[in-house]
Amino acid sequence: MMLWYGHDPSGWGWFVMSVGMILFWSVLILLGVLLFRTLSRPAGTGTATAPVQHGPTAEQLLAERFARGEIDEDEYRRRLSVLHMGGGPRLGKD
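This structure is a prediction, so every number in the text was calculated from the model and none was measured. (Residues numbered from 1 in each chain as written. Predicted model: local features only at pLDDT ≥ 70, side-chain atom pairs only at ≥ 80, totals over all residues. Heavy atoms only, no water.)

Let's talk about the overall build of the protein
The condition that has to hold: We count a stretch as a helix when DSSP gives it H or I for four or more residues in a row; a strand needs E for two or more, and each element gets its number in order from the N terminus. Remark: exposure states derive from per-residue accessible area (1.4 Å probe, protein chains only) relative to the maximum for the residue type, with buried under 20%, exposed over 50%, and partly exposed in between. For every accessible area listed, the method is Shrake-Rupley and the probe measures 1.4 Å; residues are considered covered only by the protein chains on display.
Along the protein, the regular secondary structure elements total three helices and zero strands. Listing the helices and strands of the protein from first to last along the sequence gives α-α-α. The 94 residues of the protein split such that 7% are buried. Summing over all exposed atoms, the protein offers an accessible surface of approximately 8800 Å²; the carbon and sulfur share of this is 66%.

Encoded structure:
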């Protein structure tokens with residue numbers, strides 16, 4: 001009777017084959033995910049995004065100061081008109 005044990009991989013052979021199979025399927029799945037993400041991206045969307053606003057706007061801050069009573073109505077309306085005209089803050093005045 002002839003036994004074919006001489007052609008079976010040893011312990012290291014099984015380890016290398018296992019690692020190779022895990023790497024193969026990992027790369028295949030990664031390529032699939034990248035392909036899906038690329039093809040499902042809507043046309044015309046690039047890396048440019050709308051600027052993220054941090055904190056309240058100048059008008060909101062002005063309205064809060066008016067609501068707290070720090071400035072009166074005339075001061076509020078004057079500063080609001082300056083904001084709408086595009087004027088920046090004036091130095092030396094509060």
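Structure's up, so let's keep going.
Points about the confidence of the model for the protein
Stated precisely, the cut-off is as follows: Confidence scores labelled pLDDT are given residue by residue by the predictor and lie between 0 and 100.
The pLDDT averaged across the protein works out to 81; a share of 71% of its residues lies at or above 70. Looking across the protein, the model is least confident in helix 3 (residues 73-85), with a mean pLDDT of 90, and most confident in helix 1 (residues 11-40), with 92.

Things to note about the side chain of Glu-75
For clarity, the threshold we go by: Here a polar contact is recorded for every N or O atom pair within 3.5 Å, except that within protein the pair must consist of a potential hydrogen donor and a potential acceptor, and residues adjacent in sequence are included only if both atoms are side-chain atoms.
Mapped onto the elements of the fold, Glu-75 is located in helix 3. We classify Glu-75 as buried; its relative accessible area is 17%. In terms of polar contacts, Glu-75 uses its side chain to reach the side chain of Arg-78, at 2.7 Å.

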